[in-house]
Amino acid sequence: GELRYDKKEFKKGRRVVHKNIGKGILFLILTVLILIIVYNKIIIQTSIYTDENEQEILYNPLIGYAVSADYPDAVGENTLVYIGMTWSDIEPQEGVYDFTTLINENQAQEYASQGKHAVFRLLCDVPGQEEHMDIPQWLYEKTRDGTFYDTSYGKGYSPNYANPDLIEAHGKVLQKIAEVFEEVRPGFLSYVQLGSLGHWGEWHVKSGEGIVPIPEEAVCMQYVDQYVEAFPNVQLMMRRPFLGVKEYGLGVYNDMTGEAEDTNEWLEWLNDGGVYTEPAKAHTLYAIPDFYKKAAVGGEFTSARSWEELLVTDMDTTKSLIRQSHMSFIGPKVPHALEAPQYQQEAAVIRELLGYKLGISKAAVKRNRLSGIWDIAVTWNNQGIAPMYEDWAVYLYFYDEEGRFMEKHLLDMNLSDIMPDMNLKVQWSGQLSDDVAKIRVGIEDPMTGEAAVTLNNAGQDKYVTIYSSNY
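Please read all numbers here as calculations on a predicted model, not as lab measurements. (Residues numbered from 1 in each chain as written. Predicted model: local features only at pLDDT ≥ 70, side-chain atom pairs only at ≥ 80, totals over all residues. Heavy atoms only, no water.)

Novice: For this particular structure, what's the right way to read the state of the cysteines?
Specialist: Between two cysteines, a covalent bond joining their sulfur atoms is known as a disulfide. According to the stated counting rule, one finds zero disulfides in the structure shown. With no disulfide of its own, Cys124 lies closest to Cys220 among cysteine sulfurs, the gap being 12 Å. (Disulfide = S-S within 2.5 Å.)

Novice: I keep staring at helix α7 (residues 164-184) and nothing clicks. Help me out?
Specialist: Each α-helix winds once per 3.6 residues, and so residues spaced three or four apart point in a common direction. The terminal C-alpha atoms of α7 lie 31 Å apart, and with 21 residues this matches the ideal 30 Å at 1.5 Å per residue to within 8%. The set of residues buried in α7 consists of Leu166, Ile167, Ala169, His170, Gly171, Val173, Leu174, Ile177, Ala178, Val180, Phe181 and Val184. If you check the start of α7, you find a side-chain oxygen 2.8 Å away from the backbone N of Asp165, and it comes from Asn163. (Helix = DSSP H or I, 4+ residues; strand = E, 2+ residues; numbered from the N terminus. Expected span 1.5 Å × (residues − 1). Buried < 20%, exposed > 50% of the residue type's maximum accessible area, 1.4 Å probe, protein only. Polar contact = N/O pair within 3.5 Å; in protein donor to acceptor, adjacent residues only side chain to side chain.)

Novice: Explain the packing of α7 against helix α8 (residues 217-230) here, please?
Specialist: A pair of packed helices is captured by two measures, namely the crossing angle of their axes and the spacing between those axes. Orientation of α7 relative to α8, taken along the N-to-C sense of each, is 20°, at an axis distance of 9 Å. Regarding the angle of α7 to α8, the classification is roughly parallel. Crossing geometry of α7 relative to α8 is assigned as right-handed. In this structure, α7 uses Leu166, Ile167, His170, Gly171, Leu174, Gln175 and Ala178 to contact α8, whose residues at the interface are Val219, Gln222, Tyr223, Gln226, Tyr227, Glu229 and Ala230. Residues of the contact of α7 with α8, tallied by class, amount to eight nonpolar, five polar and one charged. (Axes fitted to C-alpha atoms, helices over the stretch in contact; angles between N-to-C directions. Parallel < 35°, antiparallel > 145°, perpendicular 65-115°, else oblique. Left-handed = near helix turned anticlockwise from the far one by under 90°. Contact = heavy atoms within 4.5 Å. Nonpolar A, V, L, I, M, F, W, Y, C, P; charged D, E, K, R; others polar.)

Novice: Would you mind going over the packing of helix α12 (residues 315-325) against helix α13 (residues 344-353) with me for this structure?
Specialist: Close contact between α12 and α13 brings their axes to 10 Å; oriented N to C, the two are set at 15°. Judged by the angle between their axes, α12 and α13 are roughly parallel. For the pair α12 and α13, the crossing hand works out as right-handed. Contacts between α12 and α13 pair Met315, Thr318, Lys319, Ile322 and Arg323 from the former with Glu346, Val349, Ile350 and Leu353 from the latter. Its residues assigned to classes, the contact of α12 with α13 comprises five nonpolar, one polar and three charged.

Novice: Even after reading the chapter, I still don't get the packing of aromatic side chains, so can you show me in this structure?
Specialist: Given two aromatic rings, one states the distance between the centres and the angle between the planes to describe the pair. As enumerated under the stated definition, the model contains 18 aromatic pairs in all. Where Tyr140 meets Phe148, the ring centres are 5.8 Å apart and the plane angle is 70°; that geometry is what we call edge-to-face. Owing to a relative accessible area of 14%, Tyr140 belongs among the buried residues under this scheme. Ring centres of Phe181 and Phe188 lie 6.2 Å apart, and the angle between their planes is 35°; on these two criteria the pair is classed as tilted. One aromatic cluster is present, built from ring pairs that chain together Phe120, Phe181 and Phe188. Over the ring of Tyr463 we find Arg440; its NZ or CZ atom is 4.2 Å from the centre of that ring. (Phe/Tyr/Trp six-rings, centres within 6.5 Å; stacked < 30°, edge-to-face > 60°. Lys NZ or Arg CZ within 6 Å of the ring centre and 35° of its normal.)

Put into structure tokens, the structure is as follows:
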């Protein structure tokens, strides 16, 4: 037979083939899309948690008011206690130490058991109404080169801080103080203000009235080195941005909080540097414009102004100065309920302003039903005026449908990285049991081993539920 080529029929057949191929491709695409939808809806389970972070938080660890520890009725719910002690109270005889006051009168053990933390300052000269000394008698007998004074500050004795015997003994007493705080409970002591030198431990004396001045920088650095050696795991703070702040990255404190002129001068030192002319030889004040990003800021309210002025008449100025200073705590002079009962509403406003305010703005939880792998992303923010300087452990806690705790896993993050007005996204991935029905997040205080930070999440507390199979 003869093979004939029918062009018309060929084209018709080709159209049929193309039509069938098109249908096949469309069917394949639809099948893939259906599989993806089924996979994402059934195999991959996704849950999103969001929050506006607008909770009122008045008490959190390491921030707020540091009330005098020997005034328990005033401490109340505040999480910080302030312990200021004179050297004469600690070492009545050379090498013989008495910590009865620290332990008993300041109720250190009780506060530690409550999860509170301490601020400490060693004092060598506290002006008073009567002639006295705040260094031990035996040390005075050994040195005898300071100055008894009677000034507008009051009466007292200002040692010669350049005396080598005093410096050597000072290093020893610091080591003993550090040991005692560790014995109370590791982690209880959170802040140490480098007092020791000057009236009230503020590194200044009325040298113009005949008092032996603060030593030159090199001598003062011996005291700083002693503090750094004695308290390696504690936040150290200085009154001004001296060399020790620059060399060791120390924090600072302002004992004139609320006084605009003095605080603005202090802020100028921090931001621009300067020269401190009062010592025997002028000290350089070093500019550290990002001071609050690495180390904490503390201090106490000025005694030069009334509570009415600080908290009512000039409240906006007070808040502005605190914000500019990025303060984490104020104490021991604070408007607590026993000293300023009529200003407690205003006192609460200041308390909430201080320090960090960490919260979770978003959390995405994905669960693969086939592999058992969970992928969790948590977005943190900080609506406070300072970071949290301690990198406490942050955990994911897992529970079953009955609410029973199953296990916990550490989030790989540093809380100190979360600056004010900053977001930080942290991810975790791992295989979990099918019985997991609830996931919560918490920040644990290493001193207590329990979640201790109230997070800035509505309706939550020290734990934030970011996933529940019930919703």
